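Geometric and topological summary
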Amino acid sequence: MQIALVVDGDNHLLGTVTDGDVRRGILRGVALNETVDKIMNPNPSVCREDDAREAILTRMEIRNLRHMPVVDKAGRVVRLETHDELLAPKERDNLVVLMAGGLGVRLRPLTENCPKPMLKIGGRPILETILLNFIEYGFRRFYLSVNYMSEAITEYFGDGSRWGVDIRYLRESQKLGTAGALSLLPERPNSPILVMNGDLLTKVNFTQLVDFHGAHRSKATMCVREYDFQVPYGVVKMDHHSITAIEEKPVQTFFVNAGIYMLEPEILDMIPKSDFFDMPTLFDRLIADRSKTIAFPVREYWLDIGHVEDFERANLEHSGDAQ
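Keep in mind that what you see is a predicted model, and the values were worked out from it rather than measured.

As for the sheet that holds strand E5 (residues 77–82)
Strand order in this open sheet of 3 strands is E3-E4-E5, and the pairing throughout is mixed. The sheet is open, and its two edges are formed by strand E3 (47–48) and E5, each paired on a single side. Sheet analysis places E3 next to strand E4 (residues 67–71), joined by 2 bridges and oriented parallel. Counted as the bridge partner of cysteine 47 is valine 70 from E4. Packed onto the sheet, helix H2 (residues 53–62) meets E3, E4 and E5 and runs at close to 135° relative to E4.

So, the packing of aromatic side chains
Across all of its chains, the model carries 10 aromatic pairs by this definition. Where phenylalanine 134 meets phenylalanine 206, the ring centres are 4.0 Å apart and the plane angle is 20°; that geometry is what we call stacked. Of this pair, phenylalanine 134 sits in helix H4 (residues 126–136) while phenylalanine 206 sits in helix H7 (residues 206–215), placing them 72 residues apart in sequence. In this structure phenylalanine 134 comes out as buried when scored by relative accessible area, which is 0%. Pairing phenylalanine 212 with phenylalanine 296 gives two aromatic rings, centres 5.1 Å apart and planes at 70°, and the pair type is edge-to-face.

Things to note about the pairing of strand E15 (residues 242–248)
Counting buried positions along E15 gives 0 out of 7 residues, so the element sits mostly on the surface. Examined bridge by bridge, strand E14 (residues 234–239) and E15 share 6 bridges and lie antiparallel to one another. Residue pairing in the sheet places lysine 237 in a bridge with alanine 245 of E15.

Overview of helix H8 (residues 279–288)
Turning to H8, its buried residues are Met279, Leu282, Phe283 and Leu286. Taken down its axis, H8 places every buried residue within 95° of arc, on the same side. Opposite the packed face of H8, turned more than 90 degrees from it, sit the exposed residues Asp284 and Ala288. Looking at the buried side of H8, the elements it contacts are helix H6 (177–180), strand E11 (193–197), strand E13 (220–230), strand E16 (251–263) and strand E17 (293–298). Two residues or fewer after H8 comes arginine 290, characterised by a positive phi angle close to 65°.

A word on H4
By the criterion of burial, H4 is predominantly enclosed, with 8 of the 11 residues buried. By the burial criterion, the buried members of H4 are Ile126, Leu127, Glu128, Ile130, Leu131, Asn133, Phe134 and Ile135. Glycine 138 lies just past H4 and shows a positive phi near 95°.

Some points on the nonpolar core
If you look at the biggest cluster of nonpolar residues, it comprises 42 residues, and the most contacted ones within it are Phe134, Phe142 and Phe157. Ranked by residue count, the leading element in this core is H4, at 6 residues. Not counting residues within four places of it along the chain, the set of residues in contact with phenylalanine 142 comprises Val96, Leu98, Leu131, Phe134, Ile135, Val165, Asp166, Ile167 and Arg168. Membership of the second largest hydrophobic core comes to 24 residues, among which are Ala179, Val224, Tyr261 and Leu282.

A closer look at the packing of H4 against helix H5 (residues 150–157)
With their axes 11 Å apart at the nearest point, H4 and H5 run at an angle of 45° to one another. For the element pair H4 / H5, the angle class is oblique. H5 is crossed by H4, and the crossing has right-handed handedness. When H4 is examined against H5, the residues Leu127, Glu128 and Leu131 are found in contact with a partner set consisting of Ile153, Tyr156 and Phe157. Counted by class, the contact of H4 with H5 contains 5 nonpolar, no polar and 1 charged residues.

About the criteria used
Residues numbered from 1 in each chain as written. Predicted model: local features only at pLDDT ≥ 70, side-chain atom pairs only at ≥ 80, totals over all residues. Heavy atoms only, no water. Pairing = 2+ DSSP bridges. Helix = DSSP H or I, 4+ residues; strand = E, 2+ residues; numbered from the N terminus. Contact = heavy atoms within 4.5 Å. Axes fitted to C-alpha atoms, helices over the stretch in contact; angles between N-to-C directions. Phe/Tyr/Trp six-rings, centres within 6.5 Å; stacked < 30°, edge-to-face > 60°. Buried < 20%, exposed > 50% of the residue type's maximum accessible area, 1.4 Å probe, protein only. Arc of directions from axis to C-beta. Core = buried A, V, L, I, M, F, W, Y, C linked by side-chain atoms within 4.5 Å. Parallel < 35°, antiparallel > 145°, perpendicular 65-115°, else oblique. Left-handed = near helix turned anticlockwise from the far one by under 90°. Nonpolar A, V, L, I, M, F, W, Y, C, P; charged D, E, K, R; others polar.

On their own, these measurements won't tell you what the molecule is for.
So, in structure tokens, the structure goes:
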């Protein structure tokens, strides 16, 4: 790897040692039997575990670095990112199922003649941006669940050869919901399945999601997003009829479903055939069965294109994207 990470007994990063550090130490007369602190860099560049892949790459390129230790909030080593692996991630055999069959009612009149996933943001369809993001992380096998105006989607994406990937289709003859469409998969895969709504723009690190799901041995993982809601009034706290406190316009914080999931293959057995069945219902059943379900917090960019104002905001934010 051409780098060594120096840590203490609790895995806190103390420094790094590269080939250049060793050579410079030798030139300074540091003996080979000296302790490593004599040559290590005690203030290496690091990134946080929730930093986006693009941000890590940019930092590496600006500083001409080939490696970047990843640390948690306490400064403990989580992993090591390398420039080459970030540019060419390993190919993954996980299936990715993108839900692209929605009617897009809340986006009318924009969706009267165009399915929502094909609306253009930054010069390309939303669904293509999602596809390209997964491709960057090494995913190559895709299923698109289609229903409303499906021809527009199938004609544009074809078999995926244009992007060097394999694209197939789950054709819903009726609306099946965010989980029900999975019952149309022709066979059970051997590795966890990634499922994502086809109307999301996000910079989620899918490598971290896959690793998080596997490390926790979860049956099903749901990505969640922190959502703040400010009560527009003073909230009165009471004990029976007595007022104990008044909190002016407090902010309530919740975690909401972010529309991205990772499922173990055996979960498919719980999904009814050809019936409407959504993801919250699936998670409710898993929880009732005491199966392990976990949440993966999304701190990266995330936008649900649910309303016309979301579409307009997305186009402003992606106005500089390549056409």
